[in-house]
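Understanding the architecture of this molecule
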Amino acid sequence: MAFLEILQGVEPGKRIEIPPGRSVMGRSSECDIPLDVAAVSRQHAAIIKESDGVFVEDLNSRNGTFVNEQRVEGRRQLKHGDRILICDQVLGVHVMQGVPLGGHEPKDDTSLAYLMDDHGTASVMATLDVSARAASIGLSARPEVKLAALLEISNSLSKTLQVEQILPKILDSLFKIFLQADRGFVIMRPGDDAPLVPVADKYRKAGQDERTRISKTIVQQAMDNKSAILSADAATDERFGLAESISDFQIRSMMCAPMLDSEGHPLGVIQIDTNNQKSKFSNEDLEVLAAVASQAAVAIDNARMHEVAVEQRALQRDLDLAARMQRALLPSKAPEVSGYRFFDYYESARQVGGDYYDYVTLADGRFAVVLGDVAGKGVSAAILMARLSSDVRFSLASEKCPAAAVSRANFTFAQHDWADRFVTMIVAVVDPAAHRMTLVNAGHMPPLLRRASGEVVEVGDEIAGLPIGVIDDFEYESLDLELAPGDSLTMFTDGFSEAMNSARDLYGLERLAEQIKVGDADVEKLGHHVLSDVRSFVGDFAQSDDMCLACFGRCG
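Procedures and definitions
Residues numbered from 1 in each chain as written. Predicted model: local features only at pLDDT ≥ 70, side-chain atom pairs only at ≥ 80, totals over all residues. Heavy atoms only, no water. Helix = DSSP H or I, 4+ residues; strand = E, 2+ residues; numbered from the N terminus. Buried < 20%, exposed > 50% of the residue type's maximum accessible area, 1.4 Å probe, protein only. Contact = heavy atoms within 4.5 Å. Areas by Shrake-Rupley, 256 points an atom, 1.4 Å probe, with all protein chains shown as cover. Salt bridge = Lys/Arg side-chain N within 4 Å of Asp/Glu carboxyl O. Core = buried A, V, L, I, M, F, W, Y, C linked by side-chain atoms within 4.5 Å. Pairing = 2+ DSSP bridges. Axes fitted to C-alpha atoms, helices over the stretch in contact; angles between N-to-C directions. Phe/Tyr/Trp six-rings, centres within 6.5 Å; stacked < 30°, edge-to-face > 60°. Lys NZ or Arg CZ within 6 Å of the ring centre and 35° of its normal. Polar contact = N/O pair within 3.5 Å; in protein donor to acceptor, adjacent residues only side chain to side chain.

Before going further, it helps to spend a moment on the overall build of the protein. Along its length, the protein carries 10 helices and 29 strands. When burial is assessed residue by residue, the protein has 49% of its 556 residues classed as buried. For the protein, contacts bridging at least 24 residues in sequence account for 64% of all contacts bridging at least 6. Carbon and sulfur atoms form 48% of the exposed surface of the protein, whose accessible area is close to 26,300 Å².

This next bit is on unusual backbone geometry. Even without being a glycine, asparagine 60 presents a positive backbone phi close to 55°. Along the chain, asparagine 60 turns up in the loop between strand E6 (53-58) and strand E7 (66-67).

Charged atoms that come close allow side chains of opposite charge to pair. Counting across every chain of the model gives 14 salt bridges. Between aspartate 522 and arginine 341 there is a salt bridge; the shortest N-O distance is 3.1 Å. Within this pair, whereas aspartate 522 is found in the loop between helix H9 (509-518) and helix H10 (523-538), its partner arginine 341 is found in strand E20 (residues 340-347), the two being separated by 181 residues in sequence. Note on arginine 341: relative accessible area 33%, which makes it partly exposed. Of the charged contacts in the structure, one is a salt bridge between lysine 400 and aspartate 364, with a shortest N-O distance of 2.9 Å. Highlighted residues: lysine 400 in the loop between helix H6 (378-398) and helix H7 (402-414) and aspartate 364 in the loop between strand E21 (355-361) and strand E22 (367-374), separated in sequence by 36 residues. Each member of the salt-bridge network shares a partner with another, and the members are Arg341, Asp522 and Glu524.

With that settled, consider the nonpolar core. Within the largest apolar cluster, 51 residues are counted, with the highest numbers of intra-cluster contacts made by Leu396, Met425, Ile468, Leu489 and Phe552. Per element, the largest residue contribution to this core is 7 residues, and it comes from strand E23 (residues 423-431). With residues near it in sequence (within four places) discarded, leucine 489 still touches Ala428, Met437, Leu439, Pro447, Leu448, Leu449, Val459, Ala550, Cys551 and Phe552.

On to the sheet that holds strand E11 (residues 89-95), then. In any sheet, the strands associate via hydrogen bonds between backbone groups, in a parallel or an antiparallel arrangement. With respect to topology, 6 strands assemble into an open sheet ordered E2-E1-E11-E10-E7-E8, the strand pairing being antiparallel. The sheet is open, and its two borders are formed by strand E2 (15-17) and strand E8 (70-71), each paired with just one other strand. The sheet contact formed by strand E1 (residues 2-8) and E2 spans 3 bridges and is antiparallel. Residue phenylalanine 3 lies in a different strand from E2, and its bridge partner there is glutamate 17.

Once that is clear, we can look at the sheet that holds strand E28 (residues 488-492). The sheet built from 5 strands is open, its strands ordered E20-E29-E28-E25-E26 with antiparallel pairing. Edge positions in the sheet fall to E20 and strand E26 (456-458), since each of these pairs with one other strand and no more. Pairwise comparison of adjacent strand axes, ignoring direction, gives a mean angle of 15° for this sheet. Direction of pairing for strand E25 (residues 448-450) relative to E26: antiparallel, over a ladder of 3 bridges. Its bridge partner lying in E26, leucine 449 is registered against valine 457. With respect to the sheet, H9 is in contact with E25, E26 and E28, its orientation differing from that of E25 by roughly 20°.

Right, let's talk about the environment of aspartate 472 for a bit. With respect to the secondary-structure elements, aspartate 472 resides in the loop between E26 and strand E27 (479-482). As for aspartate 472 and alanine 414, which are separated by 58 residues in sequence, their C-alpha atoms are 5.2 Å apart. Ignoring any residue separated from it by four or fewer positions in sequence, one finds aspartate 472 in contact with Asn410, Phe411, Ala414 and Gln415.

The next thing to look at is the environment of isoleucine 84. Along the chain, isoleucine 84 turns up in strand E10 (residues 83-86). On the basis of relative accessibility, which here comes to 0%, the residue isoleucine 84 falls in the buried class. Each C-alpha atom, one on isoleucine 84 and one on threonine 65, is 7.2 Å from the other, the two residues being 19 residues apart in sequence. When neighbours within four sequence positions are excluded, isoleucine 84 is seen to be in contact with Leu4, Ile47, Thr65, Phe66, Val67, Leu78, Gln89, Val90, Leu91 and Val93.

Another point: the packing of aromatic side chains. Note on aromatic pairs: each is described by the distance of the centres and the angle between the planes. Scanning all chains against the criterion turns up 11 aromatic pairs. An angle of 70° between the planes, with centres 5.3 Å apart, marks the rings of phenylalanine 342 and phenylalanine 367 as edge-to-face. Placement of phenylalanine 342 in strand E20 and of phenylalanine 367 in strand E22 is noted, with a sequence separation of 25 residues between them. A single burial state applies to phenylalanine 342 and to phenylalanine 367, both of which are buried. Accessibility expressed as a relative area gives 2% for phenylalanine 367, which makes it buried. The structure contains a cluster of three or more aromatic residues connected by ring pairs, namely Tyr340, Phe342, Tyr357, Tyr359, Phe367 and Phe552. Against the face of phenylalanine 55 rests arginine 75, its NZ or CZ located 5.0 Å from the ring centre. Above the face of the phenylalanine 175 ring, lysine 202 is positioned so that its terminal group lies 5.4 Å from the ring centre.

Let's shift gears to the side chain of serine 61. The residue serine 61 is located in the loop between E6 and E7 in this model. Separated by 3.0 Å, the side chain of serine 61 and the backbone nitrogen of glycine 64 make a polar contact. Residue contacts for serine 61: discarding those within four places in its chain leaves Ser41, His44 and Arg71.

Counting buried positions over the 8 residues of strand E18 (residues 253-260) gives 8, a clear majority of the element. Along E18, one buried face is formed by Ser253, Met255, Ala257 and Met259 and the opposite face, lined by Met254, Cys256, Pro258 and Leu260, is buried too. Two strands pair when backbone bridges link them, and strand E17 (residues 227-231) and E18 are joined in this way by 3 bridges, in the antiparallel orientation. Of the residues in E18, the one forming a bridge with isoleucine 229 is cysteine 256. Note: E18 against strand E19 (residues 266-274), 8 bridges, orientation antiparallel.

Next up, the structure:
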């Protein structure tokens, strides 16, 4: 498992997993790892993950790539703890080593410890229940040692909020407490579906060069039973007698304790062992290790929650930016057309949404009012909305016939693979000189036309075609209508008609039509009247869909 962490730069705390193969870093949005900083080259450097390690390579960048303050020339291998400097961006390198379960020898020399499947089923010398249901671990045995252990761990871990830094600190503290310990391991799953592997290790002797076999059976039993395990002598424990000779293991005393999260689920285990037959671990030592494992689990839980909080803050910043960008795509004001009034309203159910409206001023004095509803909600719907609004504007400017313009926009939109997404849309093109309106309906609910007499009718249902994006060569039809003084058209998305109150009643098309009928003939007052009635109906019930409303009409 390998990843980069932005220590200083555009998104401090962000983690970037390093996939196998070559990943390019740079200012370009097309890079695998984008760094949106002006001083960074478009393709600045590459991170290469291969079977023999992780490497960085400068791509002839303008300002260079540095590792631990040394400029990279060609390719350089990275190790855990290195720091990559790209302009003012500092990235920490994290390489957590380990190999899968199964008892097979590692294929490379990057890890000295691995779990082997020994199929052992023998009893153990001692166990200690550490589950949430068990009684608290007592202080009866060697309380001064246990207290020192807990203080050591607490002081060491209280300042750390990153899992990869917590694990070595745990082992460092254990080696100070258990002076006889020769080796220590933290065994966890690097990912939700990953196998158990040693993710941190420590050796008393420097330059350890022999492979360490860790019993999968004991590790699994400790996790399954939520019990700390003491094996007083590996030579008398049949776990170690079924796979290889005792001399291969060279273990005389071993302890293994599970780390349980706040819900009692095992995160992994801590294991230490010693070859010193005169200083075997005792039951009291097992209590100390169990307490340390409990403290470590709390620290890991806190670190993970911190990581989630950092990711959520970064996501929130992205969503805030996306919401501002989407608002920028919507019209800042209605067009100024003599003899016509406009009203519009937009509110997304989430920070960004898939409804949209637009005003398009055409070269021959006409104007278009567009309203659409992208299937779905959230960021993906907002991206489709942004793309479609651009296509529609271009098509209306290119085609004088509104039906041809919608057909063209549909063809352009459908050429992309939008994973079965589609858009319903209404386009109304008005010639204010002739006071005539041409309506095109792409699978949307018919808009409501209010005559000066107060009569309200649905229009455009008979020429409604398929939603945008369903069939690329669909030909749309249009409907021509005359706008008399005092006439107005109300276009809306289903966030209005399907607005729901706490009793789960729908606002409905009939009520919407009735409010348009009894509302003021002035378009702006009419729009506010409809909004007020919908809000009164919904009350405090949470909004479940995007809401978009666009009204325009001829002055009386």
